[in-house]
Amino acid sequence: MIPDIEKDSLAQIKNFQEQKLVELLSYISQNSPFYKRLFAGQNIDISKIKTLEDLQHLPVTTKEDLQKYNDDFLCVPQNKIIDYATTSGTLGDPVTFGLTDSDLDRLAYNEAISFACAGIAEGDVVQLMTTMDRKFMAGLAYFLGLRKLKVGVIRVGAGIPEMQWDSILKYNPSYLITVPSFLLKLIEYAEMHGIDYNNSSIKGAVCIGESLREQDFSMNILSKKITDKWNIKLYSTYASTEMSTAFTECEHGKGGHHHPELIIVEVLDENNMPVKNGEIGELTFTTLGIEAMPLLRFKTGDIVQAHDEPCACGRNTLRVGPVVGRKKQMIKYKGTTLYPPAMNDVLSSFDNIENHLIEISTNDLGTDEILIKIAAKNQTPEFLQEIKDHFRAKLRVTPKIEFASREVLNPLVFNPMSRKPIRFFDYR
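Residues numbered from 1 in each chain as written. Predicted model: local features only at pLDDT ≥ 70, side-chain atom pairs only at ≥ 80, totals over all residues. Heavy atoms only, no water.

## Remarks on the packing of aromatic side chains
By the definition in use, this model includes 12 aromatic pairs. When the ring of Y35 is compared with that of F73, the centres are 5.6 Å apart and the planes differ by 85 degrees; the resulting orientation is edge-to-face. Highlighted residues: Y35 in helix α2 (residues 33–41) and F73 in the loop between α3 (63–68) and β1 (83–86), separated in sequence by 38 residues. Overall, F73 belongs to the buried group, its relative accessible area being 0%. Ring geometry for Y197 and W230: centres 5.8 Å apart, planes at 75 degrees, overall edge-to-face. Of this pair, Y197 sits in the loop between α7 (180–192) and β6 (204–207) while W230 is found in the loop between α8 (221–229) and β7 (233–240), placing the two residues 33 residues apart along the sequence. Exposure class is identical for Y197 and W230. Each is buried. Following the ring pairs from residue to residue traces out a cluster consisting of F34, Y35, F39, Y69 and F73. The ring of Y69 is capped by R37, whose NZ or CZ atom sits 5.1 Å from the centre of that ring. (Phe/Tyr/Trp six-rings, centres within 6.5 Å; stacked < 30°, edge-to-face > 60°. Helix = DSSP H or I, 4+ residues; strand = E, 2+ residues; numbered from the N terminus. Buried < 20%, exposed > 50% of the residue type's maximum accessible area, 1.4 Å probe, protein only. Lys NZ or Arg CZ within 6 Å of the ring centre and 35° of its normal.)

## Things to note about the pattern of salt bridges
As enumerated under the stated definition, the model contains 21 salt bridges in all. E359 serves as the salt-bridge partner of K373, at 3.3 Å between the closest nitrogen and oxygen. Pair noted here: K373 is in strand β18 (residues 368–376) and E359 is in strand β17 (residues 353–362), with a separation of 14 residues, a long-range link. The buried category is assigned to E359, whose relative accessible area is 15%. Overlapping salt bridges bring together E270, E282, K299 and K327 as one network. (Salt bridge = Lys/Arg side-chain N within 4 Å of Asp/Glu carboxyl O.)

In structure tokens, the structure reads:
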């Protein structure tokens, strides 16, 4: 199930997107209080915006805009809203997104073609290991997309390895949708309870919320730890509530595929200009086909690298590499630029570490300080030194590291009010 446009030439894809861009600008200039005000205030003549290159003449939209003027982005009356979703609030106050009936259809289409990208097809059974409540868009999107693909869905929800295995052994799903680090807990439970997980029905897992790959698309430590034990295929996916669109890997694992019928993608530098080919920058998108809350040049805060060479799967679309880090979470430490994912990756290489969190603060000199708190099975000075040496080898710097108990860290990392583990605390 590859949409025709994803196999079209780059020129055809560009032409299609430019037609849709003109339609979007007309729509938001008439229906969005925020963009009406923005265009008038900056004397923007949208009739002059014809090409993707012309986007550079338009202002960007930020998370702060969404937080400050949330309701002004709504383009339809309230009685047209069918579903209310919120962002996770990782980098500030959560933002509410309303979705119309048409938007829910678009969401289902997006996930259907994304899951098809990862090899899921009609006749498969999929175990959904994410929540569908708490105004969480992703869980609902996964369900709608799988239903559109005519795939069976087992809505188990998050956590509880025993319940997950009971369901796997009873219903024989072929795929899981999960946070990848939880797969290690499934393996651990299976080993403790004599479950032959390599002879289970599971063929693959679509993984959300955590990276599986290095920037060169090789497997990172987390995905190696999983696949060294469990012979299943892992697929990485990247999405956000704001874009209502996903970038999901195909079987070749060379980045998440762009769906050009749903979204226009830019990778921008500090001056909101496109980076050179192959350089990293901030993923910025313009949504296509959204009725309730379309966004123009929305800056995600995620630093990525785009790849534009054709993929062996037959798609000619842009691919987005693993997120390097979040712009707001960039740390300057002893002359080195760091992002939390790099530190998480270093810590993932130690089986002895049961949990960890990273705290960033500003010292008396006005520079960044890093404190990593670790819960470990074996809390010895020798192990602490081993971790520090590993940091020095991998990242060239050694942050301050101290041991803490699981009882202290677990409630902070696995906050019941959060949809995903919180390992980064920024006090700057």
